[in-house]
Amino acid sequence: MPSYGPYVPYWFEAFSQCIPWIVPILALAGLWIARLCEDSRVRSIAEACYFGAMVVAAMFTLRTILADDNCWLLHTSSLGLMILGAVFPHHMLESTAQESLGENSLSDAQIR
């Protein structure tokens, strides 16, 4: 009786316990590297690492969906978090924090 499931090499089974956590760790690490780089020279390298991590995470997610693994929701949500983290503008976080600090100092000045 032929098997219609995806081909999995025998050595791949040793990593079967780690595979569900590869994509979330890769997604968080790639997003963390891309978001925390302030220097423009380092940022271009970090963005390249981020996009590479996103391609690898997308390939693992596609494999998970095609193989009908139980961790498909974890992988797709990790990939979605990675995409939303890249789309959310970095400068909005800084300007929002500066505005809230400015409003607090104005309200303190008006109270005194």
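This structure is a prediction, so every number in the text was calculated from the model and none was measured.

## Remarks on the overall build of the protein
Per the secondary structure count, the protein includes four helices and zero strands. When the helices and strands of the protein are placed in sequence order, the string is α-α-α-α. Split into buried and exposed, the 112 residues of the protein put 21% on the buried side. Within the protein, counting contacts between residues at least 6 apart in sequence, those at least 24 apart form 67% of the total. Accessible surface computed for the protein: about 8600 Å², of which carbon and sulfur atoms make up 69%.

## Re helix α3 (residues 72-87)
End to end, α3 covers 23 Å across 16 residues, agreeing with the expected 22 Å (1.5 Å per residue, within 8%). Burial in α3 covers these residues: H75, S78, L79, M82 and G85. Seen end-on, α3 carries its buried residues on one side only, within an arc spanning 125°. Exposed residues on α3 whose side chains face more than 90 degrees from its buried face are L73, L84 and V87.

## Considerations on the nonpolar core
V23, A27, L31, A34, Y50, A53, A57, L79 and M82 together form the largest nonpolar core, which totals nine residues. Looking at this core, the elements that each hand over two or more residues are α1 (19-36), α2 (40-67) and α3. Broken down by element, the residue count for this core peaks at four residues, all from α1. With sequence-adjacent residues up to four places away left out, L31 is seen in contact with Y50, L81, M82, G85 and A86.

## Some details on the packing of aromatic side chains
For the structure on display, the rule yields one aromatic pair. Considering the side-chain rings of Y50 and F51, the 5.2 Å spacing of their centres and the 65° angle between planes classify their relative orientation as edge-to-face. The exposure class assigned to Y50 is buried, which follows from its relative accessible area of 4%.

## So, the packing of α1 against α3
α3 packs onto α1 with a crossing angle of 5° between their chain directions and a minimal axis gap of 9 Å. In terms of orientation, α1 and α3 fall into the roughly parallel class. The segment α1 lies against α3, with I19, P20, W21, V23, P24, L26, A27, L28, L31 and R35 engaging L74, H75, S78, L81, M82, G85 and A86. In terms of residue class, the contact of α1 with α3 is made up of 13 nonpolar, three polar and one charged.

## A closer look at the packing of α1 against α2
Where α1 meets α2, the closest approach of the two axes is 9 Å, and the angle between their N-to-C directions is 160°. Of the possible angle classes, the one that applies to α1 and α2 is roughly antiparallel. Between α1 and α2 lies a crossing whose hand is left-handed. Contacts between α1 and α2 pair I22, V23, L26, G30, L31, I33 and A34 from the former with A46, Y50, A53, V56, A57, F60 and T61 from the latter.

## Things to note about a nonpolar patch on the surface
Taken together, W32, I33 and L36 make up a surface patch of nonpolar side chains, about 330 Å² in accessible area. Looking at where W32 falls in the secondary structure, it is placed in helix α1.

Reading guide: rules and limits
- Residues numbered from 1 in each chain as written.
- Predicted model: local features only at pLDDT ≥ 70, side-chain atom pairs only at ≥ 80, totals over all residues.
- Heavy atoms only, no water.
- Helix = DSSP H or I, 4+ residues; strand = E, 2+ residues; numbered from the N terminus.
- Buried < 20%, exposed > 50% of the residue type's maximum accessible area, 1.4 Å probe, protein only.
- Contact = heavy atoms within 4.5 Å.
- Areas by Shrake-Rupley, 256 points an atom, 1.4 Å probe, with all protein chains shown as cover.
- Expected span 1.5 Å × (residues − 1).
- Arc of directions from axis to C-beta.
- Core = buried A, V, L, I, M, F, W, Y, C linked by side-chain atoms within 4.5 Å.
- Phe/Tyr/Trp six-rings, centres within 6.5 Å; stacked < 30°, edge-to-face > 60°.
- Axes fitted to C-alpha atoms, helices over the stretch in contact; angles between N-to-C directions.
- Parallel < 35°, antiparallel > 145°, perpendicular 65-115°, else oblique.
- Nonpolar A, V, L, I, M, F, W, Y, C, P; charged D, E, K, R; others polar.
- Left-handed = near helix turned anticlockwise from the far one by under 90°.
- Patch = residues over 30% accessible without salt bridge, like charges linked within 9 Å, V, L, I, M, F, W, Y side chains within 5 Å.
- Salt bridge = Lys/Arg side-chain N within 4 Å of Asp/Glu carboxyl O.

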